[in-house]
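What the coordinates show
Now for the letters of each chain:
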Amino acid sequence: MRRLDGGTVTLHDARRNERRTVRLEPFEIGVFAVTQEQFAEVLGVPATHPRRPASDLSWLRAIRFCNAASEWEGLDAAYSFDGEDVTWHVDSDGYRLPTEAEWEYACRAGSTGPQYGPLPVIAWTGADGVRAPQDVGLRLPNLNGLFDTLGNVWEWCWDLLDPARYDDYRVFRGGGFDDDAWSVRASVRRGGGPRMHHDDVGMRLARGGFDAVDAAQGWSARVDVERGGRGGARPFGWTPRG
């Protein structure tokens with residue numbers, strides 16, 4: 001884990017044509033994506049390629065891994081469950097997924113362009129012709145000392161993608177090993193349903209508790225409801241689940 005000092009980051013929602021600046025408190029984030037080896041150690045599952053990112057995992061599985069990792073180290077769980085409804089206890093010191101604002105702040109590492117360096121030296125993308133995620137840490141890190149925040153595998157975040165359009169879809173960020181350069185940018189937002197899983201989507205751990213209730217690091221439960229998530233009114237344009 002790497003501790004990052006607080007700062008600000010500006011997020012862009014292209015569909016809504018909105019920009020917002022978020023002020024972040026200090027937090028910790030993984031130097032690498034969670035690997036198959038770490039999944040195997042914590043959950044007792046096979047690791048075919050120990051140093052590759054754990055991928056093909058759903059958002060719900062990522063959330064449950066966070067709690068298992070917290071229990072492994074004697075930390076308070078960051079999440080509780082009511083069926084498949086997940087509550088983030090923002091004052092917990094346990095492992096969790098980064099918020100979208102935390103992820104982009106960590107990825108950019110002070111850069112303002114679409115990538116923090118030339119893609120051939122920092123990221124695995126479709127230009128490399130690989131057919132699976134690659135071992136973590138083989139390309140150059142950003143100035144925060146984080147590897148593979150762009151390319152290799154997309155990484156789940158805590159936040160809802162766009163509840164007015166996509167209901168309970170959660171955000172993933174960063175681009176994957178089979179994506180072109182347009183998708184492998186610090187600002188690109190994509191997502192999927194909590195049970196969806198793809199061979200190019202993994203996770204990176206974050207950690208940090210905050211003196212707040214239902215709001216922290218650019219996320220707010222109240223705003224989720226206002227935007228049509230978590231039982232709020234569905235605005236015009238909502239696409240129901242198939």
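Above this text sits the structure in question.
Cut-offs and rules
Residues numbered from 1 in each chain as written. Predicted model: local features only at pLDDT ≥ 70, side-chain atom pairs only at ≥ 80, totals over all residues. Heavy atoms only, no water. Helix = DSSP H or I, 4+ residues; strand = E, 2+ residues; numbered from the N terminus. Rg over C-alpha atoms; globule rule 2.2 N^0.38 Å. Buried < 20%, exposed > 50% of the residue type's maximum accessible area, 1.4 Å probe, protein only. Contact = heavy atoms within 4.5 Å. Areas by Shrake-Rupley, 256 points an atom, 1.4 Å probe, with all protein chains shown as cover. Lys, Arg positive; Asp, Glu negative; His and termini not counted. Charge placed at Lys NZ, Arg CZ, Asp CG, Glu CD. Pairing = 2+ DSSP bridges. Polar contact = N/O pair within 3.5 Å; in protein donor to acceptor, adjacent residues only side chain to side chain. Disulfide = S-S within 2.5 Å.

From N to C terminus, the chain includes six helices and 14 strands. Its C-alpha atoms give the chain a radius of gyration of 17 Å, within 12% of the compact-globule value 18 Å for 242 residues. Taking the principal axes of its C-alpha atoms as reference, the chain extends roughly 45 × 40 × 40 Å. Looking at the chain as a whole, 51% of its 242 residues are labelled buried. The contacts of the chain with a sequence gap of at least 6 include a subset with a gap of at least 24, amounting to 65%. Surface exposure of the chain reaches about 11,300 Å², of which carbon and sulfur atoms provide 48%. Distance from the positive charge centre (29 side chains) to the negative charge centre (36 side chains) of the chain: 5 Å.

Another point: the pairing of strand S5 (residues 79-82). With four bridges connecting them, S5 and strand S6 (residues 85-88) associate as antiparallel partners. Residue pairing in the sheet places Asp82 in a bridge with Asp85 of S6. Counting the residues in the hairpin turn of S5 and S6 gives two residues, including Gly83, whose phi is positive at 65°.

Moving on, we come to the side chain of Asp179. One can find Asp179 in the loop between strand S9 (170-173) and strand S10 (189-192). A polar atom in the side chain of Asp179 sits 2.9 Å from the side chain of Trp154. In this structure the side chain of Asp179 is engaged in a polar contact, spanning 2.8 Å, whose partner is the backbone nitrogen of Gly176. When neighbours within four sequence positions are excluded, Asp179 is seen to be in contact with Thr125, Gly126, Trp154, Val184, Arg190 and Asp200.

Attention now moves to the state of the cysteines. For the coordinates displayed, the defined rule picks out zero disulfides. Its sulfur unpaired, Cys66 is 11 Å from the next cysteine sulfur, which belongs to Cys157. Unpaired in terms of disulfides, Cys157 finds its nearest cysteine sulfur in Cys107, a separation of 10 Å.

Let us look at the environment of Asn142. By the secondary structure assignment, Asn142 is in the loop between helix H4 (119-122) and strand S8 (154-160). When the C-alpha positions of Asn142 and Trp72 are compared, they lie 29 Å apart, and in sequence the two are 70 residues distant. Contact partners of Asn142, with chain neighbours within four places excluded, come to Ala106, Cys107, Ala109, Tyr116 and Thr149. Polar contacts involving the side chain of Asn142 include one to the main-chain amide nitrogen of Asn144, which spans 2.9 Å.

A few words on the sheet that holds strand S11 (residues 201-202). Taken together, the four strands give an open sheet; going across it, the order is S10-S9-S8-S11, and neighbouring strands pair in mixed fashion. Each edge of the open sheet is held by one strand with a lone partner, namely S10 and S11. Pairing analysis gives two bridges linking S8 to S11, with the strands arranged parallel. Following the sheet pairing, Glu155 is matched in S11 by Gly202.

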